[in-house]
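# Geometric and topological summary
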Amino acid sequence: MIQNLFKYSFRALSRQKSYVFINLLGLSAGIACSLIIGLFIFHEMSYDQYNEKRDRIYRVILHGNIGGQELKVTSTASPIGPTMRNEFPEVESFLRMNGWGETIVKSEEEYFTEDQFVEADSSFFNFFTIKLLRGQHDKLLNEPHTLVLSESTAHKIFGESDPIDKMLQVGNDSIKYRVTGIMEDIPETSHFKANIIGSFMTNDRANDNEWLSNSFNTYVLLHPNASTDQFDTRFKDMIVKYVGPEITKYLGISIEEFTSKGNTYALFLQPLADAHLDPTIQQDLKPANDPKYLIIFGIIGFLIIVIAGINFMNLSTAQAIKRAKEVGIKKVSGSSAQALIIQFLFETIILSYLSVVGAIVISELSLPYINNLLDLKLKLDFFNTPFLLPLIFLFATIFGLLAGSYPAFYLSSFDPAVVLKGKLITNGKKYKLRSILVVVQFTFSILLIVGTMIMYRQINFMLDKNLGFDKENILVINRASALRAQIISFKNTIQKIPGVMSVAASTAVPGHSNNNNGYMLIGRPDETFLLQTNWIDFDYLATYKISLADGRNFDPNMQTYKNACLVNQSSIKKYLIQNPFESQFRSGGAPAEEPGGMPIIGVVNDFHYESLRNEINPYIFRFKNENMQWGYVSIRLAENAPRAVVDEIEKVWAGFTNNNPMQFFFMDKDYERMYREEKQNASLAVLFTILGILIAALGLYGLTAFTMQMRTKEIGVRKTFGASIYSIWLMIAKEIGLLLFISSIIACPLIYWVADDWLQNFHYHIQLNLFDFLSGIFISVIIAMATISYKTIKIASLNPSISLRYE
């Protein structure tokens, strides 16, 4: 029986070449889109699954509210991990990690730039399932100045020679590090990146007892079957016991008084499985992705496959006109309705299977572009994921049954006595279900078009918005510590290079904040204030063109500049500072009994020092003294400065740093980096939207072709009575236009709700307006009219004598 079904199905499909071609093209593209989106979602959901102990690992999160400013960060104090191991019976082990950012590694006389250097405790390999290729687990990272290299990094630095016990200079450390192990490259689906793991014991703060200095990621491994139910209580007790005395020391108030003023200081555990998809927590090892994008792409994948399915149903029911006599003859010959349903469903499933083959080919050809766009390594790995191919064909089977069910039942219901007389063919009845399906298809198309346009408008808004500083033509050297005590000499030297407009040194630059510190205002002893802190020199404001709203900048001619500060407008507004030039901040790191403060000498206009996702919060500039040798050097270049200027700066740098490589970036390009996820996702959305529209247009073209064939005689009669080609086109266009109008009425409220919810991710965002919706609808109308015009005009141009003889 199966053999006969295959034979009849292939014979039937071979007689419907144009129908099969259009469906194969549409279904293949639809399944390919859904397959790629499925791979992307699976990739994002599979983070840290390689880790055998994932369900027992938790990350400690600091959640506080100081001076009305909330923070939720992975940065915690150094003693938290050891204290939890000693005092929490559920904790088996702890791990601290500290990301260095970009650094220089020197092997003999060769330099290597590494941007994934991480310090970690010796428990690292007990937490994460990463295969060790060389070295002994119990002897790794348990001594200062030792490190483990990834396999690719070891090969890059040492080639084919044995790296074990070789010495490397890391950064500016005068003591060299010894290589004690080689590990496999850390999987891409890890919530952190690391090519080199250095011993945390090297860090000066590895054994400190400072509970208010939060700089490290802390993880805990719980005993098997341990519960986290008591952790809230244990954390509260630990904070009172250890953090309380430091609050009293630095703020002069008890922790009870601190919290009674509306401040909070709390810790909680985040399961490792949640680390990658929680952007509400600020983390530095690797930014978390927004799960909303997974939902958005899941919806896009669903819409595209629904559009492809609707195409199939519409084309199949339209094709029924051509197959009506075939059904009538089979029924007269004794075929039952059930047998016909099975045959038609079988045809659909075969078509669906052929589409899967086409989808796999399209996916394989598209994935290199998608991977380049998203900086991922998605692949159809049928060997290592044996369930993938059966899953795809199971999906194709279910899709074939669902999409083919209505056409199968519709075709099998024909009355042979009617269809053999040709009455079905000459009947110009409009099928309501087909119109409903077209409306659904247009609705989804409008959703995709308008949604993508709104995404791009928001991205352009973020890139073009006035930031409160000038990001153009600024070169930033991001390892000023290599200059040691020569920063001022370096500045003076490069200032003489033609094309260099100004030079500034600082501990932070826009997009790279690194200190969120607590302060007190003299005269307001019961309050605590949280401000982003940046230590700058005299030239910083001029280099970045940050303007003063009031007051003055640091002035070398006034001896008080070293103890003064500048704040932004948000500090004045949020902290209700009535007389800023009569106010003095005092660092939260200074003991409460220590006299003196930092007078506010200037108020700068607010500027966006972070992404537009975030509100501009209080910010303080303090003077950078000669002893602060870390941070950045920012150089404003003349507009259209030639590359030779940068080359000259590099030569000067090499002379000051003994040929250390100069690591730098341009501020405007780096600023775009902050919106990399949005730009990537918008580009992906555009790609899939175009494919979705093409699939819908393909279906509309096929449907129009079959509809015009059905109405050929009607058109011939109309032309006989004087109808023009334009009037016939207008008749068809009005029918499609009505469906588009209904689709627009349905789509606009839906996309408004979805887009408004997405825009809430950004504190500064566009306002939705009528143009967003009208432009999307207009594009849909143009595509629809262009799609139907060719076939409509072709049939309308036929000689009426030919049209009237059409069967």
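Keep in mind it's a predicted model, so treat the numbers as computed, not measured.

### Focus on the overall build of the protein chain
- On a plain count of helices and strands, the protein chain comes out with 23 helices and 23 strands.
- For the protein chain, buried positions account for 52% of its 807 residues.
- A separation threshold of at least 6 residues defines the contact pool for the protein chain, and within that pool the share at least 24 residues apart is 80%.
- Looking at the protein chain as shown, the accessible area adds up to about 36500 Å², and 57% of this sits on carbon and sulfur atoms.

### Side note on the packing of aromatic side chains
- Counting across every chain of the model gives 37 aromatic pairs.
- With a centroid separation of 4.6 Å and 50 degrees between ring planes, the pair formed by Tyr609 and Tyr619 is classed as tilted. In this pair, Tyr609 is assigned in the loop between strand E20 (598-604) and strand E21 (619-623) and Tyr619 in strand E21, connecting sequence segments 10 residues apart. Side by side, Tyr609 and Tyr619 carry an identical accessibility label, which is buried.

### Some remarks on the nonpolar core
- Counting 94 residues, the largest nonpolar core has Tyr544, Ile546, Phe554 and Phe621 as its most contacted members.
- Apart from the residues within four sequence positions on either side, Ile546 is in contact with Gly468, Phe469, Tyr540, Leu541, Val604, Asn605, Phe607 and Phe621.
- Core analysis: the next-biggest nonpolar cluster, separate from the first, contains 44 residues, Leu62, Ala77, Ile247 and Val567 among them.

### Brief notes about the environment of His43
- Along the polypeptide, His43 turns up in helix H2 (residues 17-45).
- Sequence separation between His43 and Leu376 is 333 residues; the distance between their C-alpha atoms is 9.1 Å.
- Among residues more than four places away in sequence, those in contact with His43 are Glu188, Thr189, Leu376 and Leu378.

### Quick look at the packing of helix H20 (residues 712-720) against helix H21 (residues 725-759)
- Relative orientation of the contacting elements H20 and H21 amounts to 140 degrees, with a least axis distance of 10 Å. Between H20 and H21, the crossing angle belongs to the class labelled oblique. Two packed elements cross with a definite hand, and for H20 against H21 that hand is right-handed. Residues Glu714, Ile715, Arg718 and Lys719 of H20 form the contact with H21, whose own contacting residues are Ile725, Ile728 and Met731.
- Broken down by class, the residue content of the contact of H20 with H21 amounts to 4 nonpolar, no polar and 3 charged.

What counts, and where the lines are drawn
- Residues numbered from 1 in each chain as written.
- Predicted model: local features only at pLDDT ≥ 70, side-chain atom pairs only at ≥ 80, totals over all residues.
- Heavy atoms only, no water.
- Helix = DSSP H or I, 4+ residues; strand = E, 2+ residues; numbered from the N terminus.
- Buried < 20%, exposed > 50% of the residue type's maximum accessible area, 1.4 Å probe, protein only.
- Contact = heavy atoms within 4.5 Å.
- Areas by Shrake-Rupley, 256 points an atom, 1.4 Å probe, with all protein chains shown as cover.
- Phe/Tyr/Trp six-rings, centres within 6.5 Å; stacked < 30°, edge-to-face > 60°.
- Core = buried A, V, L, I, M, F, W, Y, C linked by side-chain atoms within 4.5 Å.
- Axes fitted to C-alpha atoms, helices over the stretch in contact; angles between N-to-C directions.
- Parallel < 35°, antiparallel > 145°, perpendicular 65-115°, else oblique.
- Left-handed = near helix turned anticlockwise from the far one by under 90°.
- Nonpolar A, V, L, I, M, F, W, Y, C, P; charged D, E, K, R; others polar.

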